[in-house]
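Structural characterization, general
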Amino acid sequence: MTPSSQPAARPAILVALLCAGIVLSGATACSSSPAGSPPAVGILIEFREPVDGAASELLSRLQRLSGAASIRYLAPTSPKLHAYQIACTDDPACAAAIRSLRSDPAVLDISPNRLRKPH
């Protein structure tokens, strides 16, 4: 490789490494939970209107509606889109919890959080 071609190669290598990291870390929305812990699933909830995704009233409502073992706020993505982690007794229970959350009139959409693993 000549010195003049090195600067052009660096961005391509960085992009390739970034893409590989995203693919490897976001391959699934489910986390590897510690033994004895319920499965944890990362989800993104898009609300119809901007909300404070960490508000205790909202978290309580989502918890009641989902029936999940727990729901934890992770981070905002935008004023309407927020990342959460839900813990359920098993995968079918998580699927049922997500279906229940979709029935909330304030919720526009729910999708797997493939951008980041839950903590």
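Cut-offs used in this document
Residues numbered from 1 in each chain as written. Predicted model: local features only at pLDDT ≥ 70, side-chain atom pairs only at ≥ 80, totals over all residues. Heavy atoms only, no water. Core = buried A, V, L, I, M, F, W, Y, C linked by side-chain atoms within 4.5 Å. Buried < 20%, exposed > 50% of the residue type's maximum accessible area, 1.4 Å probe, protein only. Helix = DSSP H or I, 4+ residues; strand = E, 2+ residues; numbered from the N terminus. Disulfide = S-S within 2.5 Å.

Concerning the nonpolar core
Within the largest apolar cluster, 20 residues are counted, with the highest numbers of intra-cluster contacts made by Ile43, Ile45, Leu62, Tyr84 and Ile86. Breaking this core down by element, the ones donating at least two residues are β1 (40–47), α2 (56–66), β2 (70–76), β3 (81–87), α3 (91–102) and β4 (107–112).

Description of the state of the cysteines
Scanning the entire structure with this criterion turns up one disulfide. In this model Cys88 forms its disulfide with Cys94; the gap between the sulfur atoms is 2.4 Å. Every disulfide takes its handedness from the sign of the S-S torsion; for Cys88 and Cys94 that torsion is 115°, giving right-handed. Like Cys94, Cys88 is buried.

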